[in-house]
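# Observations on the three-dimensional arrangement
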Amino acid sequence: INKGKIRALGSKDAYSLSDSLGRALFIYSECPSSLEMGKLITSDDGSKGVSGISALSPYEACIDVFNVLRKLNLDVHPSHFSYAIRAACHESRWEEAANLFLGQINGDDARITSGGFVPIDPGLGWDRPLEVGLYAVARDSWYKLKIAEERGENVDISPSKRVFDTAMKMCMISPSCQEKYIL
């Protein structure tokens, strides 16, 4: 890119580059978390963990890829969000995963690359954007509810209500063809 052999804007290279970075996001979403990697790697003396190596978590790597996409002014697709959300879920980073998903719906968070109201595939499945995103929202809400209960605080929203409110934000209704917009 720096040598000018690959152009990010105004050429077919932009599509290839976005696709390649999307594939990197997919790989990161399938990687075990840094904690799991520490359990898998054992040094010669029998101690577990990675000594002398600072491992970047798959979720943080996904955020770095988002920053590259933003810097190069390339499109961020819903699948890119899905992969980053899955990586965050693998690491039990529920708030970050929920914020990424919700960032696609309302686009108010300038810290994260916004999806800008891009339609989300309504298909269900463990690897589908809708189910993964709503799962992250539910887990984030449940985690916050448990923390609040331990502190003796009152919580005004249940996890299921937050999920249903999120789903309602995603619904688009047209007066002329309402039956086509059912999730």
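Residues numbered from 1 in each chain as written. Predicted model: local features only at pLDDT ≥ 70, side-chain atom pairs only at ≥ 80, totals over all residues. Heavy atoms only, no water.

## Details of helix 7 (residues 159–170)
Operational definition: Only DSSP runs of H or I with at least four residues qualify as helices, and only runs of E with at least two residues qualify as strands; both kinds are numbered from the N terminus onward. For a helix, the expected span equals 1.5 Å multiplied by the number of residues minus one. Relative accessibility decides the category of a residue: with a 1.4 Å probe and only protein chains considered, values under 20% of the type maximum give buried, values over 50% give exposed, and everything between is partly exposed. An arc is given here, and it is the one of the directions from the helix axis to the C-beta atoms.
For helix 7, with twelve residues, the first-to-last C-alpha span of 17 Å sits near the 16 Å given by 1.5 Å per residue. Inspection of helix 7 places Pro159, Arg162, Val163, Thr166 and Ala167 among the buried residues, and these make up the whole buried set. The buried residues of helix 7 all sit within an arc of 135° when viewed along its axis, so they share a single face. Among the exposed residues of helix 7, those pointing more than 90 degrees away from its buried face are Phe164 and Met168.

## A look at the confidence of the model for the chain
Just so we agree on the cut-off: What pLDDT expresses is the predictor's confidence in each residue, scored from 0 to 100. Pairs of residues are marked as contacts when any of their non-hydrogen atoms sit within 4.5 Å.
Of the residues in the chain, 67% reach a pLDDT of 70 or more, and the chain-wide mean stands at 76. Confidence drops under a pLDDT of 50 for residues 38–43, and excluding neighbours within four residues, the segment shows eight contacts in the predicted structure.

## Let's talk about the nonpolar core
Selection criterion: Residues belong to one nonpolar core when they are buried, are Ala, Val, Leu, Ile, Met, Phe, Trp, Tyr or Cys, and are joined through side-chain atoms within 4.5 Å.
Core analysis: the largest hydrophobic core is formed by 33 residues, its most contacted members being Phe66, Leu69, Leu74, Ile85, Leu100 and Phe101. Elements with a contribution of two residues or more to this core: helix 1 (12–30), helix 3 (58–71), helix 4 (78–90), helix 5 (94–106) and helix 6 (129–151). Excluding its chain neighbours within four sequence positions, the residues that come into contact with Ile85 are Ala97, Leu100, Phe101, Gln104, Val132, Gly133 and Ala136.

## Overview of the pattern of salt bridges
Selection rule: Put simply, a salt bridge is a Lys or Arg side-chain nitrogen that is within 4 Å of an Asp or Glu carboxyl oxygen.
According to the stated counting rule, one finds ten salt bridges in the structure shown. Salt-bridge contacts for Glu91 lead to Arg93; the nearest nitrogen and oxygen are separated by 3.2 Å. Residue class for Glu91 comes out buried when judged on its relative accessible area of 16%. Close ionic contact of Glu96 with Arg93 constitutes a salt bridge, the shortest N to O distance being 3.6 Å. By relative accessible area, which is 29% here, Glu96 ends up partly exposed. Counted as one network, the salt bridges with shared partners bring together Glu60, Glu91, Arg93 and Glu96.

## Examining the packing of aromatic side chains
For clarity, the threshold we go by: Any pair of Phe, Tyr and Trp rings, taking the six-membered ring for Trp, is counted once the centres come within 6.5 Å. Such a pair is stacked with planes under 30 degrees apart, edge-to-face with planes over 60 apart, and tilted for the rest.
Using the criterion set out here, one finds three aromatic pairs in the structure. With centroids separated by 5.3 Å and ring planes inclined at 70°, the aromatic side chains of Phe66 and Phe81 adopt a geometry described as edge-to-face. A residue pair is termed long-range when its members are at least 10 positions apart, and Phe66 in helix 3 and Phe81 in helix 4 qualify at 15 residues. Like Phe66, the residue Phe81 is buried in the burial classification. Consider the rings of Trp94 and Tyr135, whose centres lie 5.7 Å apart with planes at 85°: the pair is edge-to-face. Of this pair, Trp94 sits in helix 5 while Tyr135 sits in helix 6, and the two are 41 residues apart along the sequence. The exposure class of Tyr135 is partly exposed, given its relative accessible area of 41%.

## What to know about the packing of helix 1 against helix 3
Helix packing for two helices is described by the angle between their axes and how far apart those axes are. So the rule is basically this: Throughout, an axis means a line fitted to C-alpha atoms (over the contacting stretch in the case of helices), and angles, computed between N-to-C directions, take values from 0 to 180 degrees. Convention used here: angles under 35 degrees read as roughly parallel, angles over 145 as roughly antiparallel, angles from 65 to 115 as roughly perpendicular, and any remaining angle as oblique. Residues are sorted three ways: Asp, Glu, Lys and Arg are charged, Ala, Val, Leu, Ile, Met, Phe, Trp, Tyr, Cys and Pro are nonpolar, and all the rest, Gly among them, are polar.
Contact pair helix 1 / helix 3: the axes reach a minimum separation of 9 Å and the direction vectors enclose 170°. With respect to helix 3, the element helix 1 is oriented roughly antiparallel. Taken together, the residues of helix 3 that come into contact with helix 1 (itself represented by Ser18, Leu21, Leu25 and Tyr28) are Pro58, Ala61, Cys62, Val65, Phe66, Val68 and Leu69. Split into classes, the residues belonging to the contact of helix 1 with helix 3 amount to ten nonpolar, one polar and no charged.

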